[in-house]
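# Breakdown of the fold
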Amino acid sequence: MTPPSTAAAPPRQYKYYDFILVAFVVVLLCSNLIGPAKIAQVNLPWVGTVTFGAGVLFFPISYLFSDILTEVYGYSRDRRAVWSGFGALVFASAMAFVVVNLPPAPFWADRQPAIETVFGNTWRIVLASLIAFWSGSFANSFVLAKMKLLTQGRWLWTRTIGSTLVGELIDSALFYTIAFWGIMTTDQLITVTLTQYVVKTGWEVVATPLTYWVVSSLKKAENEDYYDRNTRFTPFSLKV
């Protein structure tokens, strides 16, 4: 007599994971579609004039969500969020291309240049954004998951800041090199990249108390504190 087969246990369901994933994708889309439309300039005490793309104010928030997802739910569930965000960026880029290149109605023609300015990114900008986001996000999640094992779950601030230092460095270096190599001088590239990097990682430091509160609240609400001890860290999977 053949013993009955044992069905695999279904993946665990969480109360708030989907909400955080959606928030992550929304922030990512807004920072990439709305933020780059404006270059801002502010004068800071002891620093002087700082010029930056407005998106730099919001893009680091996506790293906060990625840190929270990895810390609470694990690398594999953050991996699904990264792929969701990547897919959303690809669709948004394709949609922007189609909309910009549709022939405008005669009464709309005078507004076409504004649409092209805001949404008409070149192929280099789009490619740079996609590659930089994908690479930086997975590096951020991988480093945080590994540091959590190394620290045995202690000192959350070390891995949220440490993973962001790595992820944002890869993101900034790839984006500005791919997007502006040959357009900016080497000195300009280094200056812009370092400025964006400092601002983005500074966000993580400032937001540390908020990160602690959100992570603590979610761990209690979900009864989960995931450790990636047996995780297969390939980015090319959607399994949890």
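Thresholds applied
One numbering rule holds for all chains: residues counted from 1, following each sequence as written. In view of the model being predicted, local features appear only for residues whose pLDDT reaches at least 70, and side-chain atom pairs are presented and counted only at 80 or more, with totals across whole chains, interfaces and linings using the full set of residues. The basis for every side-chain value is the complete set of heavy atoms in the structure, and neither hydrogens nor water enter the calculation. Numbering of helices and strands runs from the N terminus; a helix is a DSSP stretch of H or I covering at least four residues, while a strand is a stretch of E covering at least two. What a helix is expected to span follows from its residue count: subtract one and scale by 1.5 Å. Each residue gets one of three labels from its accessible area relative to the maximum for its type: buried under 20%, exposed over 50%, partly exposed in between, using a 1.4 Å probe on protein chains only. Whenever Lys or Arg places a side-chain nitrogen within 4 Å of a carboxyl oxygen from Asp or Glu, that contact is recorded as a salt bridge.

## Focus: the environment of Thr 195
The residue Thr 195 is located in helix α7 (residues 186-206) in this model. In this structure the C-alpha to C-alpha distance between Thr 195 and Val 50, which are 145 residues apart in sequence, comes to 8.2 Å.

## Details of helix α2 (residues 59-73)
Across its 15 residues, α2 extends 21 Å between first and last C-alpha, which sits within 8% of the 21 Å expected from 1.5 Å per residue. Judged by how many residues are buried, α2 sits mostly within the fold: 14 of 15 residues are covered. One or two residues past the end of α2 sits Gly 74, with phi positive at roughly 100°.

## Notes on the pattern of salt bridges
Within this structure, the stated rule accounts for seven salt bridges. The closest approach of N and O atoms between Asp 225 and Lys 219, which form a salt bridge, is 3.1 Å. Judged by its relative accessible area of 31%, Asp 225 is partly exposed. A network of salt bridges, in which partner residues are shared, links Glu 71, Lys 148, Arg 159, Lys 219 and Asp 225.

## Observations regarding unusual backbone geometry
In the Ramachandran plot, Gln 152 falls in the positive-phi region, its phi being about 55° despite a non-glycine side chain. Inspection of the secondary structure assignment puts Gln 152 in the loop between α5 (123-150) and α6 (156-180). At Asn 223, a residue that is not glycine, the phi angle is positive and equals roughly 55°. Considering the arrangement of structural elements, one finds Asn 223 in the segment after α8 (208-222). Residue classification places Asn 223 among the exposed positions, given a relative accessible area of 64%.

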